[in-house]
Amino acid sequence: MQGKRHLMAGLPMFPSLLGLAEFAENTFPDMLLLPQYFGIFHTLQIGAGVLGFTLGLLLPDCDTKNSILGRHFHLPFEHRTWTHAIWFPLILVFAAYWTKTVFFLWIAAGWMVHLFQDSFSAMGDCFLYPITGYREYPSGARVKKGRHLSLYHNNATSEKVFTAGWCIVSVILSIGVMYYFDWLDMRDMLQTIGQIIQ
């Protein structure tokens, strides 16, 4: 999936993940990784969360020189190997715990969303690379071993349809989360829309 589509499909998920973080903070305060540093409702921290999540959505493709971040910061790995495994997000979670910085958790969250989105492609994603690997075909194509189902092909119409569908589901979930946590007063919004229509 192209970087711009990772952003289009991934960023609408941020309010849902923020709601999940609030739910975890309120429900399991003793089980949360960093409860004393998780003041998620401060504007600066939300902004840092969006920035970290956005970086996480783009960083896995820095193994490609023509990606959004790869043009400026390139890691010399083969595409969809080390940067598309769970090892970097795990390192980020440990860094968050060690430094007591939630910013690293948001990067890890964005990174995992990127990997999950890529797992639906024809190539698939080897989350446990190099334990799991890809099958190489004579044409140069690589597909995750044991892969039988895919929802889209890179740079094809199916990728655009997948992105649109993912985006719609993310927006619906985020609106539901914002309504649930009273971040969004639906009555006021509906009255405003009604006044605009009249």
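Computed from a predicted model, the values in this text were never measured in an experiment. (Residues numbered from 1 in each chain as written. Predicted model: local features only at pLDDT ≥ 70, side-chain atom pairs only at ≥ 80, totals over all residues. Heavy atoms only, no water.)

**Brief notes about the overall build of the protein chain**
Moving on, step 1. Helix and strand counts for the protein chain stand at seven helices and two strands.
Moving on, step 2. Per-residue burial over the protein chain gives 40% buried out of 198 residues.
Moving on, step 3. A separation threshold of at least 6 residues defines the contact pool for the protein chain, and within that pool the share at least 24 residues apart is 63%.
Moving on, step 4. Just so you have it, the protein chain exposes about 11700 Å², and 68% of that area is on carbon and sulfur atoms. (Helix = DSSP H or I, 4+ residues; strand = E, 2+ residues; numbered from the N terminus. Buried < 20%, exposed > 50% of the residue type's maximum accessible area, 1.4 Å probe, protein only. Contact = heavy atoms within 4.5 Å. Areas by Shrake-Rupley, 256 points an atom, 1.4 Å probe, with all protein chains shown as cover.)

**Some words on the environment of S119**
Moving on, step 1. The residue S119 is located in the loop between α5 (103-118) and β1 (134-136) in this model.
Moving on, step 2. What makes S119 buried here is its relative accessible area of 13%.
Moving on, step 3. The spatial distance from the C-alpha of S119 to the C-alpha of L149 is 10.0 Å, given a sequence separation of 30 residues.
Moving on, step 4. Ignoring any residue separated from it by four or fewer positions in sequence, one finds S119 in contact with G124, D125, F127 and R147.
Moving on, step 5. A polar atom in the side chain of S119 sits 2.6 Å from the backbone oxygen of F116. (Polar contact = N/O pair within 3.5 Å; in protein donor to acceptor, adjacent residues only side chain to side chain.)

**Quick notes on the confidence of the model for the protein chain**
Moving on, step 1. Confidence along the protein chain averages 80 in pLDDT terms, with 85% of residues attaining 70 or more.
Moving on, step 2. The secondary structure element of the protein chain with the lowest average pLDDT is helix α7 (residues 186-197), at 68, and the one with the highest is α5, at 92.
Moving on, step 3. Within the model, the stretch residues 33-38 combines pLDDT values under 50 with 20 contacts to residues more than four positions away or in other chains. (pLDDT = per-residue confidence, 0-100.)

**Observations concerning the nonpolar core**
Moving on, step 1. Core analysis: the biggest nonpolar cluster contains 16 residues, and F53, W106, V113 and W166 have the highest contact counts within it.
Moving on, step 2. Among the elements of the structure, α2 (14-27), α3 (43-58), α5 and α6 (157-180) are those that each provide at least two residues to this core.
Moving on, step 3. Beyond its immediate sequence surroundings of up to four residues, F53 is in contact with G10, L11, M13, F14, L17, W106, I107, A109, G110 and V113.
Moving on, step 4. Core analysis: the next-biggest nonpolar cluster, separate from the first, contains 10 residues, L69, L75, L92 and W111 among them. (Core = buried A, V, L, I, M, F, W, Y, C linked by side-chain atoms within 4.5 Å.)

**Points about unusual backbone geometry**
Peptide bonds are trans in most cases, and residues, glycine excluded, mostly fall at negative phi.
Moving on, step 1. Cis geometry is found at the peptide bond from Y129 to P130, where omega equals 5 degrees.
Moving on, step 2. A positive phi angle, near 60 degrees, is found at N155, a position not held by glycine.
Moving on, step 3. In this structure, N155 sits in the loop between β2 (142-144) and α6.
Moving on, step 4. Owing to a relative accessible area of 56%, N155 belongs among the exposed residues under this scheme.

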